[in-house]
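# A closer look at the structure
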Amino acid sequence: MAPFEPCVLIPGVRDRIEAIASHGDRLYLGSSTGTLHVYSVTRNADSGSFSASLLQSKKSFTRRSIEQLGFIKDVNSLVLLSDSTVTIHTAPRLTPPTALTQARGAMCFAIDTSVETPPLLPTSASSDRQPAINPIPTVITRLAVGCKRKIVVYTWKDGEAQEVLETVLPHSPRAVAFSTSNAVILAYPANEYVILSLDTMSATEITLPSASTISTGLGALGGFGGYMTLGLVAKVKPSVVKVGDGEAIITKDNSSVFIGSDAAISRPSNVVWPGSPDETTFVKPYILAILPPGAISTPDNLSSSQSQQPTSTSTSTIQIRSAISLAVVQTLALPLPNDDSSSTSSSPSANALPIHTLRVLSPSSIAKSPVFLVSTPNDRALANSEGSTIWLLAMQPWGQQIDELVEAGAYADALALLDTLDETVLNDKDQRVSHIRGLHAVSLFGEGEYGRAADIFIELEVNPAKVIALYPNAISGRLNVPRERWIELFGGKAAKAGGDMDKEKEGGADGEGSAKEVEGNGSGSGSGNGAGGQREGVRSPSPLKPNNTGGRDDDTASIRGGSGPEPELRRAVETLLRYLSDRRQKVSGALAALHISTSKSADIPFLSETSVADLFALPDSPPSALIPEQLLRFAQIVDTALFKSYLVVRPALLGSLCRLDNWCEVSEVEEILRERKKYTELIDLYRGKKMHDKALSLLREQSADEDDPAEKVGDSIRYLQKLGPDYLELIFDSALWIFETDAGRALEIFKSEEVQLPRWAVANYLEKIDSALCARYIEYLIGEHDETDPMFHDRLAELYLEAALKATAKHDDAARGVAYKKLLAFIDSSEHFRTDRLFGRLPQDDLFEARAILLGRLGKHEGTLEIYVHRLQDYAQAEEYCKRVYQSSPEHHDIFLTLLRIYLRPTSKQSTVLLPAALDLISRQSPRLNSIETLELLPPLVTASDVKAFLCEALRTQKIEAGVMKEMWKARKDQVDQRLMSLHSQRVRVTDSRICPQCHKRLGNSVIAVHAPRGEVTHYQCRESFAHKLKDTVFRRS
């Protein structure tokens, strides 16, 4: 890649140009005779070529040679150094000059322009309601002039001159450059350097690496002999160039060291040039150096096929390095050969390419393109006839430079270059950064830096299908992309194999300008990548094995064979797990926000139904910005790759992943799981994907290897118990072989507490297999779930009846007894079956006890009792039945009389009178029998002694006892009334002479109290005392 394109700007300049400065479209040339030439530089918008027209030539502008030029934009003035005097000339007339009298004895100067924003001042309480005023930025320009043993600093703020700063120095500076707006680096004659703070005017010494620790870079030039060696290491004037805010390079001999604003070495790598540069400058972000003749044998712009190329010692060359990676990006020899195929511009000389000297390499004051320099023929006659040539090095557009870096695989350099640019310079900077970072991540992946690559993929929200495609077949499957197409997959072009970038690094046949010239901090040769990184894209050998899409690759074979993966593959897959886990969490969150769950995975098209091209076309966007269809594809891709990764490095943890909700594509992992005999994990995966038929088929296959009956069907039963009514037909079909194997355990399928299946459908299914199973199922429903549906109760009763009748027909008394006992217990306890329906199904000549119970439920108690008495001759059961009816139904209190009537007056002629049973009933249940009706039912021959207990009980009926009590209470009432009348007839006479027996005072008209039973009269207040007295008297008498 060539970032600069050289072209002839001004040919045939007769004066010796010693200084160049440019500002806007003006180019100022200072000659050794003191003449100042002013040119206007324009660029053709169509062709992009530059042209210059002379505006004015000011002869004898200075008395002596113009040594240095500069331009201060803030005051629109040209700064000129000549005859140890610095003058300022206001453009465009450049007259009259203003001499800087304090800077007498000037030797060099440097200009710095910066924008400073003052801090916000705290507002007072009274101004709280007033809006804050943003401070106004200030443009500050500083001119530092190095003089004999002193430095003078001139300052302008928004064009207004400020106080001049001056300080004494121990030596006279030969070169000066700003490190920051407040710090200046000074170069003294004896290769001493200091950094001067303009705030404190204090200097800090800069310590450079010793010459013994810096490579001279002569290895490639050993064949040129001692004379050539002396020329390369000849001392040159000190060079200090600012390369960024707070950073500058100091060139000493053939080495350039980066120095920070703290006077310390700022980078671990130095630049070692093939020879000692005559001049160096900086054009963001490139460092340019003019190297002496012979330093580089074959510059980039001269090929070995050109017949008129210079020899290795014939001409000066320009080497251009990236200030970011320190790698050589371009090498030029000027003038260009007169050959249209070699360059768009031609040299002013014809046919021959004579020896030239390059000088005055000077960019604009703000380190921006273009760069101007002068080439002069070494031959004096040719120089007099043709003069010097002013060359313009125009930088290629930023977009083109970046594209070429990307094409060459120098992604780190492209990113570093982008980082130095502003969005105003490159409108699509953000898009380029994202794109190139993705390509850089692929490059890092190819170099085995999986962690760094994964971090970039995560940050860029890269489509996971593309990331997975970088892995072997065992993980990527059909997404696999061959290594040579990785860059294309991420939207780039394949890196040039052995292309231009390698040539630019080499800088010549012997590789003098190669990356070997970038060394560590004073410790010998270092890496050519410096801070930038590798330029070969993904050309370096990858630790991962190459993908083989035609069959099973080695990694897949090792995985399937059971042996552990290779360490490098394991490291790569562990990184992939981290990446996939991050993607899975974010995708799951986005799906949850849309209320999409894995329960719907069965309704979503399989991943295998989507083409690979469509999967790669999914956007590189955050999951929250995707539409549901894209989100689901992301989820399927991520979970499928996660499964395969676990199979490679963490097979023991695969089960937990299978049991979690997931979107894995089963078709891509089931074969591997089968071969690895991960049946449990595969079944869990089938269950999660609702592929229950496959899971049940696999369970049936596994049952063939089990000898224990419980283990043979246990797993299948437990699986079927968790299926819901949506899979009823599948449950029925899959349960058949289990019923054939172990019908007792198979019934547990329908006794699950987790799901509820349609009970009637289950009952029908079981009855087709075996009516006994159906009966057991309904018993379970009634006993465990309190089923009250009459249909189930009717069905159970009918099943019992059917079983009893079948056993009777087969003369199987045991089976009949069991079934009939269940039938009797059920119809005697259940309240929810339809009695008339079951009664109609009973045979007329059998099952009389069941008939009796059903007749009783129908309210036909007489019929029930007749069956107990005459058919079954079970008098105790008949009496128990009467007790139940008597206690439950108050309106049937004559039930015992009904039984007595059946005993004594049978309706059937074949039946006999059961007098003993009747007398027993009368003796036990006499309180519950109507006396009169009972006596009427007794035959005439029954004696009183036979019914003595009944008669006694009958006489002590409640009615008779109530009459006696009534008469007794009536007599007692009469007695009390008579006594009351006697008491009412008694009188007490109180006269004036009547004395109170207690206090012995006359009663008079006082309130009195009369005491029973003899009628003593006392004062009312003496009543209690007298009453106690009477009680004591009675007590003593008794």
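Residues numbered from 1 in each chain as written. Predicted model: local features only at pLDDT ≥ 70, side-chain atom pairs only at ≥ 80, totals over all residues. Heavy atoms only, no water.

### Considering the overall build of the protein
Under the convention used in this document: Strands here mean DSSP runs of E at least two residues long; helices mean DSSP runs of H or I at least four residues long; both are numbered from the N terminus. When checking whether two residues touch, look at their non-hydrogen atoms; a contact exists if any pair is within 4.5 Å.
Across its full length, the protein holds 35 helices and 32 strands. For the protein, the proportion of contacts with a sequence separation of at least 24, taken over those separated by at least 6, is 57%.

### Remarks on the nonpolar core
The condition that has to hold: To form a nonpolar core, buried Ala, Val, Leu, Ile, Met, Phe, Trp, Tyr and Cys residues must be joined to one another through side-chain atoms within 4.5 Å. Partly exposed describes any residue whose relative accessible area lies between the buried limit of under 20% and the exposed limit of over 50%, with all areas from a 1.4 Å probe on protein chains only and scaled to the type maximum.
Phe457, Phe750, Leu766 and Ile827 are the most contacted members of the largest nonpolar core, which has 185 residues in total. It is helix H14 (residues 628-649) that contributes the most residues to this core, 13 residues altogether. Judged by nonpolar contacts, the second largest core, of 17 residues, contains Ile10, Ile20, Val41 and Ile390.

### Remarks on the packing of aromatic side chains
What counts is decided by this rule: Pairing of aromatic rings covers Phe, Tyr and Trp, the last through its six-membered ring, and needs centres within 6.5 Å; plane angles under 30 degrees mean stacked, over 60 mean edge-to-face, and all others mean tilted. Two limits define a charge over a ring: the Lys NZ or Arg CZ must be within 6 Å of the ring centre, and within 35 degrees of the ring normal.
One pass over the structure, following the stated rule, counts 17 aromatic pairs. Taken together, Phe732, Phe739, Phe750, Tyr765 and Tyr777 form an aromatic cluster joined through their ring pairs. For Arg321, the ring lying beneath its charged end belongs to Trp273, and the centroid distance is 5.1 Å. Over the face of the ring belonging to Tyr820 we find Arg816, whose NZ or CZ atom lies 5.2 Å from the ring centre.

### Quick notes on the packing of helix H24 (residues 790-809) against helix H25 (residues 813-829)
Selection rule: Angles run from 0 to 180 degrees between N-to-C directions of axes, and those axes are lines fitted to C-alpha atoms, restricted for helices to the stretch in contact. Oblique is the label for every angle not falling under 35 degrees (roughly parallel), over 145 degrees (roughly antiparallel), or within 65 to 115 degrees (roughly perpendicular). Each crossing is labelled by how the near helix is turned from the far one, with a counterclockwise turn of less than a right angle marking it left-handed and a clockwise turn marking it right-handed. Under the scheme applied here, ten amino acids are nonpolar (Ala, Val, Leu, Ile, Met, Phe, Trp, Tyr, Cys and Pro), four are charged (Asp, Glu, Lys and Arg), and all others, including Gly, are polar.
The N-to-C vectors of H24 and H25 enclose an angle of 155°; their axes lie 8 Å apart at closest approach. Considered as vectors, H24 and H25 are oriented roughly antiparallel to each other. For the crossing formed where H24 meets H25, the hand is left-handed. Along the contact surface, H24 presents His793, Leu796, Ala797, Tyr800, Leu801, Ala803, Ala804, Ala807 and Thr808, while H25 presents Ala815, Arg816, Ala819, Tyr820, Lys822, Leu823 and Phe826. Of the residues that constitute the contact of H24 with H25, the class distribution is 12 nonpolar, 2 polar and 2 charged.

### Notes on the pairing of strand E11 (residues 138-147)
Formally: When DSSP finds two or more bridges between two strands, those strands count as paired.
Where burial is concerned, most of E11 is hidden: 9 out of the 10 residues are buried. In the sheet, strand E10 (residues 106-116) pairs with E11 via 10 bridges, with the strands oriented antiparallel. Residue pairing across strands places Cys108 opposite Gly146, the latter belonging to E11. Where E11 and strand E12 (residues 150-157) come together, 8 bridges link them in antiparallel fashion. Residue pairing for E12: Arg142 is matched across the bridge by Thr155.

### Concerning the environment of Asp620
Note the cut-off: Residues adjacent in sequence count toward polar contacts only when both atoms are side-chain atoms; beyond that, a polar contact is any pair of N or O atoms within 3.5 Å, and within protein one must be able to donate a hydrogen and the other to accept it.
Mapping Asp620 onto the fold places it in the loop between helix H13 (612-616) and H14. C-alpha of Asp620 to C-alpha of Val462: the two residues are 158 residues apart in sequence and 4.6 Å apart in space. Discounting residues that sit within four places of it in the chain, Asp620 has contacts with Leu460, Glu461, Val462, Asn463 and Lys466. Only 2.8 Å separates the side chain of Asp620 from the backbone nitrogen of Asn463, close enough to count as a polar contact. Of the polar contacts made by the side chain of Asp620, one reaches the side chain of Lys466; its length is 3.4 Å.

### Comments concerning the pattern of salt bridges
What counts is decided by this rule: What makes a salt bridge here is a side-chain nitrogen of Lys or Arg within 4 Å of a carboxyl oxygen of Asp or Glu, nothing more.
Per the stated rule, a full pass over the model turns up 38 salt bridges. Its salt-bridge partner being Lys973, residue Asp977 comes within 3.3 Å of it at the nearest N-O pair. Taken together, the residues Asp977 and Lys973, both in helix H34 (residues 958-984) and 4 residues apart, mark about one turn of the helix. Note on Lys973: relative accessible area 52%, which makes it exposed. Salt-bridge contacts for Glu1016 lead to Arg1014; the nearest nitrogen and oxygen are separated by 3.2 Å. What makes Glu1016 buried here is its relative accessible area of 16%. Arg1014 gets classed as exposed once you look at its relative accessible area, which sits at 59%. Residues joined in a network through salt bridges with shared partners are Glu461, Asp582, Arg583 and Lys586.

### Some remarks on the pairing of strand E24 (residues 286-291)
Where burial is concerned, most of E24 is hidden: 6 out of the 6 residues are buried. Neither face of E24 is left uncovered, since the one carrying Tyr286, Leu288 and Ile290 and the one carrying Ile287, Ala289 and Leu291 both have all their residues buried. In this structure, strand E23 (residues 279-283) lies alongside E24, joined through 5 bridges in antiparallel fashion. Counted as the bridge partner of Glu279 is Ile290 from E24. Hairpin connection from E23 to E24: 2 residues lie between these consecutive antiparallel strands. Sheet topology places E24 next to strand E25 (residues 317-322); 6 bridges connect them, and they run antiparallel. Bridge pairing in E25 links Leu288 to Ile320.

### Some remarks on helix H4 (residues 411-419)
Buried residues dominate H4, accounting for 8 of its 9 residues. Residues Tyr411, Ala412, Asp413, Ala414, Leu415, Ala416, Leu417 and Leu418 constitute the buried set of H4. Buried-residue contacts for H4 involve E24, helix H3 (398-407), helix H5 (429-446) and helix H9 (486-489).

### So, unusual backbone geometry
Of note, the bond from Ala91 into Pro92 is cis; its omega dihedral lies within 30 degrees of zero at 5°. The residue Pro92 is located in the loop between strand E8 (85-90) and strand E9 (98-99) in this model. We note that His595 has phi near 60°; this positive angle belongs to a residue other than glycine. Structurally, the position occupied by His595 is in the loop between helix H12 (567-593) and H13. In this model, Lys677 sits at a positive phi of 55°, which is unusual for a non-glycine residue. On the secondary structure map, Lys677 appears in the loop between helix H16 (670-675) and helix H17 (679-688). In this structure Lys677 comes out as exposed when scored by relative accessible area, which is 62%.

### Overview of the sheet that holds strand E3 (residues 26-31)
Judged by pairing direction, the sheet is antiparallel, and its 4 strands sit side by side in the order E2-E3-E4-E5 without closing on themselves. If you trace the sheet from one side to the other, it starts and ends with strand E2 (17-23) and strand E5 (50-58), each paired once. Each strand axis lies, on average, 25° off the axis of its neighbour in the sheet, ignoring direction. Looking at chain direction, strand E4 (residues 36-43) and E5 are connected through 8 bridges and run antiparallel. The residue bridging Arg43 from the neighbouring strand is Phe50, located in E5.

### Observations concerning the environment of Leu682
Its location among the elements puts Leu682 in helix H17. Judged by relative accessible area, Leu682 falls into the buried class, the value being 0%. Separated by 28 residues in sequence, Leu682 and Leu654 place their C-alpha atoms 9.6 Å apart. Aside from chain neighbours lying at most four places away, what touches Leu682 is Glu670, Leu673, Arg674 and Leu698.

### Observations regarding the packing of H4 against H5
One way to put it is that H4 packs onto H5 with a least axis distance of 9 Å and a crossing angle of 155°. With respect to each other, H4 and H5 are oriented roughly antiparallel. H5 is crossed by H4, and the crossing has left-handed handedness. Residue-level contacts link Tyr411, Ala412, Ala414, Leu415, Leu418 and Asp419 of H4 to Lys429, Arg432, Val433, Ile436, Arg437, Leu439, His440 and Ser443 of H5.

### Brief notes about helix H19 (residues 709-721)
Heads up, the rule is: Given a helix with a known number of residues, its expected span is that number minus one, times 1.5 Å. Fitting axes to the seven residues ending at a residue and to the seven starting there, one defines the bend at that residue as the angle between these axes.
Over its 13 residues, H19 extends 18 Å from the first C-alpha to the last, a length consistent with the 18 Å expected when each residue adds 1.5 Å. Helix geometry: H19 is bent most strongly at Asp715, by close to 25°. If you check which residues of H19 are buried, you get Val713, Gly714, Ser716, Ile717, Tyr719, Leu720 and Gln721. Its buried side turned inward, H19 meets H17, helix H18 (692-703), helix H20 (728-741) and helix H21 (743-746).

### Brief notes about the confidence of the model for the protein
Note the following rule: Per-residue confidence from the prediction method is given by pLDDT, with values spanning 0 to 100.
Looking at the protein, the pLDDT average stands at 80 and 83% of residues meet or exceed 70. Between residues 497-541, whose pLDDT stays under 50, and residues either more than four places distant or in other chains, the model counts 139 contacts. Overall, residues 545-563 carries pLDDT values under 50, and its contacts beyond four positions in sequence, including any with other chains, amount to 35 contacts.

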